[in-house]
Amino acid sequence: MNSQKKEFQYYLSEEMCEVFNAIENHKLLGASQQIIKIAEMFSDLIKQGKQKEIDFFEIKKLVLECGEYYKRTRGAASRLIFNSITKILHGLKDIDNSQLFQDHLNNNLLLYMKNNERAMNKVLEYGCNELKKYSNFMLFDYSSTVEKCIIQMAKTRSVNLYVPESAAIDGGIPYLPLGELKNMNVFFFPDAAIYFSMKKCDCILMGAETFYPDGTGFNTIGSDMVAVLSKILNVPLYFITPLLKLDIRKRFGIDKEIITIDYKNKAKCGILDKVNASTIIPELIGVDPSNIYAYITEWGVIPSYAMFQTAIKYYHKEIGDSDE
């Protein structure tokens, strides 16, 4: 894999090499931002290849291999990245003309961005419709999609936001600036106060890193605990997510690889350096669909028990015919 990385770096421009390294070193965060930059790398490989007078078929091979590289690496953690690259590169392997190859890639990217914008607008529309009956929201772990939905709702009414710290990754902190906006009241508290604070809430909102066709939703560690408490207290839990985050592999018996983190780096406890104690925890955790009230998506508000049929239809319409 190292030789492949060096090959990409050799052909990429200096600017795109910096982007490549930023993604490798986790300095460029956010799946959506990474997807756009990866697509720019594809175009840059074509441009640099032409300038170096590289044979078209070698350029084509480089672009497709770059896509597969990111599907294996970043796509292993984020199904959004995997599915997005699949859509952006759709149909390219069958094209044997340089200009057609470039044009097809550009058209795929424009269509991808247009469809993403349309999908997000629908998510926000349906989210605001569904959530208008609530005023007190618990937001566990930061999600840009959830944040957009809250901002949209607060344009016309007041909302109370109960934000646990999500201590494993400080996932609650990015929500705090919402308290400076009109119609928003933010209450921030340690994870130990989740049960106490949930009694004041009308519903709970989470984003999804990915989800299975059976309705299992994956989010930061602690989400499973929040979900269980929501069921006990009868407070509905919603996952707000575009359907492109679907991980279809579970249908074929393939489970998502659980990535772990070392909490020792986060814990403010000096004694951990002196004792033999394991501090490894999962970064993401699956939330059982029985504890999820519904998914808010661009295809509507879908109860978790009804997700399977929707997921399969979406996969065959939007992803399944791509060059996976």
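A brief report on the enclosed structure follows. Nothing here was measured: the structure is a model prediction, and the numbers come from that model.

1. Looking at unusual backbone geometry
One non-glycine residue with positive phi stands out, namely Asp 141, at about 70°. Its place among the elements puts Asp 141 in the loop between β1 (136-139) and α8 (144-153). Backbone geometry places Asn 234, a non-glycine residue, at a positive phi of 60°. You can see Asn 234 is positioned in the loop between α10 (223-233) and β7 (237-240). For Asn 234, a relative accessible area of 70% gives the class exposed.

2. Digging into the pattern of salt bridges
Any two side chains of opposite charge can pair if their charged atoms end up close together. Tallying each qualifying case throughout the model produces 11 salt bridges. With a closest N to O distance of 2.9 Å, Glu 65 and Lys 61 form a salt bridge. With Glu 65 and Lys 61 both in helix α4 (residues 56-72), this residue pair falls four residues apart, about one helical turn. The shortest N-O distance in the salt bridge between Glu 125 and Lys 122 comes to 3.5 Å. Linking Glu 125 with Lys 122, this pair stays in helix α7 (residues 98-131), spanning three residues, or about one helical turn. Using a relative accessible area of 39% as the deciding quantity, one classes Glu 125 as partly exposed. Note on Lys 122: relative accessible area 32%, which makes it partly exposed. Residues joined by salt bridges that share partners form a network here, namely Arg 79, Asp 247 and Arg 249.

3. A word on the sheet that holds strand β2 (residues 159-164)
With respect to topology, seven strands assemble into an open sheet ordered β3-β2-β1-β4-β7-β11-β12, the strand pairing being mixed. On the outer flanks of this sheet lie β3 (184-189) and β12 (300-303), each paired with one strand and no other. Sheet twist, expressed as the mean angle between neighbouring strand axes with direction ignored, is 25°. Note: β1 against β2, three bridges, orientation parallel. Bridge pairing in β2 places Phe 137 opposite Leu 161.

4. Some points on the environment of Pro 236
Among the secondary structure elements, Pro 236 is positioned in the loop between α10 and β7. Exposure remark for Pro 236: the relative accessible area of 16% places this residue in the buried category.

5. Thoughts on the pairing of strand β6 (residues 217-220)
Bridge count between strand β5 (residues 210-211) and β6: two bridges; the pairing is antiparallel. Residue pairing across strands places Thr 210 opposite Phe 218, the latter belonging to β6. Taking the residues that link successive antiparallel strands as the turn, the β5-β6 hairpin has five residues, and the phi of Gly 215 there is positive, at about 100°.

6. Regarding the packing of α4 against helix α6 (residues 79-88)
Direction vectors running N to C along α4 and α6 enclose 160°, while the axes themselves pass 9 Å from each other. Relative to α6, the element α4 is oriented roughly antiparallel. In terms of crossing hand, the pair formed by α4 and α6 is left-handed. Counted together, Gly 67, Tyr 70 and Lys 71 of α4 and Ile 81, Phe 82, Ile 85 and Thr 86 of α6 form the full contact between these two elements. Among the residues forming the contact of α4 with α6, the class breakdown is four nonpolar, two polar and one charged.

Definitions and limits used
Residues numbered from 1 in each chain as written. Predicted model: local features only at pLDDT ≥ 70, side-chain atom pairs only at ≥ 80, totals over all residues. Heavy atoms only, no water. Helix = DSSP H or I, 4+ residues; strand = E, 2+ residues; numbered from the N terminus. Buried < 20%, exposed > 50% of the residue type's maximum accessible area, 1.4 Å probe, protein only. Salt bridge = Lys/Arg side-chain N within 4 Å of Asp/Glu carboxyl O. Pairing = 2+ DSSP bridges. Axes fitted to C-alpha atoms, helices over the stretch in contact; angles between N-to-C directions. Parallel < 35°, antiparallel > 145°, perpendicular 65-115°, else oblique. Left-handed = near helix turned anticlockwise from the far one by under 90°. Contact = heavy atoms within 4.5 Å. Nonpolar A, V, L, I, M, F, W, Y, C, P; charged D, E, K, R; others polar.

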